[in-house]
Each structure stands twice: as structure tokens, then as C-alpha cells.
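# Structure at a glance
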Amino acid sequence: MGREAAEESGVFGHSASHKPVRRAESLEQLLVGSNGFTLVEVLVALLLAAILLVPAMSSIAGMLTTKAREDVKAQALELARSTLEAIKALDSSSFSEDPVSPLTVTTPDGRASFDIERVMRVYDWDPSDPSNKLWEVTVSVYEHPMTDDATPLCSLTTLIYPQ
């Protein structure tokens, strides 16, 4: 069998009617003769994109919600710290165990409002000297409006021994 007969019968892996593949020299040459994508191809591509993007977008939304919540907690913690520092700076003669209504504070940007609750308890440090007392001060910060069963965003406690 001669080479020509072998090529025609497909012995070498291709038939004579098969055109050799040539490399496109540019993108334009590659696209010439292309009729675009079929509707099925576009729908499959959109379905794959949706399958991949929906969980990703859900994760991003969850992360943004968590970050916003952590930012609110950080603001509440800073508010509790500054309130404790202000109480420490007061003269101990103004301390009282009497209940105080919660104070409502709004952040400077107006995005969040908090209720600050202060509880003071006195311990007789030295029974022989009634003026010598140890104070336990707890500052709790809640989201506004505070309800009866609310859980504080943060709560700080310190002991103050007036000198």
C-alpha cells in the first residue's frame, strides 16, 4: 500500500478530506467565522456563575454583619471605660448606693445609641472608721432602648478605695 493510498484510507490517523489545523495569528483571525455563543452555553455559564457567587456573597454579607456588631461592641467598651474613669475622678463623698436611672448616649456619628447603667456597692473596709469604705463600681452598657431582660454589650467592674 502506497503512502497516498494509506493517507486516503486513514491509516496515518486522518483522512484526505480532513483539513489540517492551523494556528491563528491574531484574535481577529480566531473570531472570523465564529457565530458567537449559543443560548445553552450562555445559560450554563450564568448557572455556574450563580452557583459560585451566591455562597461567596452570603459569606461577605455575614462578615460585614459581624464586623458591624464588633464595631458596636468596641464603642460600648470604650464608653464603659471612659465612664469608669470619670467615676474614679469624682470625690468619694459624692458616691452613693442609691439607684441611678440609666443614661442614654448617642455616638457622635449618630449611628448608635447606648444606655449606661451604673451600680455602686459599698463595703465597710474598716468598721472602726465609717468614712473608710471600699466601693465596687460596675458600669454596664446596653443597646438603646434597654429592656428588662437585656444583655449588656459590655460590663466593667472596678474597686475604688478613696484616700
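Per-chain numbering applies: the sequence of each chain, read as written, is numbered from 1 onward. Where local features are concerned, this predicted model is filtered to residues with pLDDT of at least 70; where side-chain atom pairs are given and counted, the filter is 80 or more; whole-chain, interface and lining totals use all residues. The basis for every side-chain value is the complete set of non-hydrogen atoms in the structure, without hydrogens or water.

## Overview of the overall build of the chain
A run of H or I in DSSP counts as a helix once it spans at least four residues, and a run of E counts as a strand once it spans at least two, with each numbered from the N terminus. Each helix and strand counted, the chain has three helices and four strands in total. Along the chain, helices (α) and strands (β) appear in the sequence α-α-α-β-β-β-β when read from the amino end. The buried share of the chain, taken over its 163 residues, is 18%. Note on contacts: a residue pair qualifies if any of its non-hydrogen atoms lie within 4.5 Å across the two residues. For the chain, the share of sequence-separated contacts (at least 6 apart) that also reach a separation of at least 24 residues comes to 49%. The rule is simple: take the accessible area with a 1.4 Å probe, protein chains only, and divide by the maximum for that residue type; under 20% is buried, over 50% is exposed, in between is partly exposed.

## A look at the packing of aromatic side chains
When the centres of two rings from Phe, Tyr and Trp lie within 6.5 Å, Trp using its six-membered ring, the rings pair. Their planes under 30 degrees apart give stacked, over 60 give edge-to-face, and anything left gives tilted. Tallied over the full model, the rule gives one aromatic pair. Judged by centre distance (5.4 Å) and plane angle (85°), the rings of Phe95 and Trp135 are edge-to-face. Highlighted residues: Phe95 in the loop between helix H3 (39–89) and strand S1 (103–106) and Trp135 in strand S3 (residues 133–143), separated in sequence by 40 residues. No difference in accessibility class separates Phe95 from Trp135, as the two residues are buried.

## Some remarks on unusual backbone geometry
In this model, His144 is joined to Pro145 through a cis peptide bond whose omega is -5°. Structurally, the position occupied by Pro145 is in the loop between S3 and strand S4 (154–160).

## Considerations on the pattern of salt bridges
When a carboxyl oxygen of Asp or Glu is within 4 Å of a side-chain nitrogen of Lys or Arg, the pair counts as a salt bridge. Across all of its chains, the model carries four salt bridges by this definition. With its nearest N and O atoms 3.1 Å apart, the salt bridge here joins Arg69 to Glu143. In this pair, Arg69 is assigned in helix H3 and Glu143 in strand S3, connecting sequence segments 74 residues apart. The class of Arg69 is partly exposed, set by a relative accessible area of 37%. Its relative accessible area of 39% is what places Glu143 among the partly exposed residues.

## Quick notes on the sheet that holds S3
Strands in a sheet are paired, the pairing made by backbone hydrogen bonds, and the direction either parallel or antiparallel. The strand order across the open sheet formed by four strands is S1-S2-S3-S4, and the pairing between neighbours is antiparallel. Where the open sheet ends on each side, the last strands, each with one partner, are S1 and S4. Averaged over all neighbouring strand pairs, the angle between strand axes comes to 25°, with direction disregarded. When DSSP finds at least two bridges between two strands, those strands are taken to pair. Judged from the four bridges that link them, S1 and strand S2 (residues 113–124) form a sheet pairing that is antiparallel. For Thr104, the partnering residue across the bridge sits in S2 and is Asp115. Lines fitted to C-alpha atoms define the axes here, with helix axes fitted over just the stretch in contact, and angles between the N-to-C directions of these axes take values from 0 to 180 degrees.

## A short note on the confidence of the model for the chain
Do not read the predicted coordinates in detail wherever pLDDT is low. pLDDT: the predictor's confidence for each residue, scored from 0 to 100. Averaged over every residue, the pLDDT of the chain is 81; residues scoring 70 or more account for 77%. The least confident element of the chain is helix H1 (residues 3–9), whose mean pLDDT is 53; the most confident is S4, at 93.

## Re the side chain of Thr107
Among the structural elements, Thr107 can be located in the loop between S1 and S2. Leave out the neighbours within four places in its chain, and Thr107 touches Gln75, Ala112 and Phe114.

## What about the nonpolar core?
Note that soluble globular proteins tend to have their nonpolar side chains buried in a common cluster. We define the nonpolar core as a collection of buried residues of types Ala, Val, Leu, Ile, Met, Phe, Trp, Tyr and Cys that are connected through side-chain atoms lying within 4.5 Å of one another. Counting 18 residues, the largest nonpolar core has Ile87, Phe114, Val137, Val139 and Val141 as the members making the most contacts within it. Looking at this core, the elements with two or more residues in it are H3, S2, S3 and S4. For this core, the element with the highest residue contribution is H3, accounting for six residues. Beyond its immediate stretch of four places on either side in the chain, Val141 contacts Ala76, Leu79, Ala80, Phe114, Asp115, Pro152, Leu153 and Cys154.

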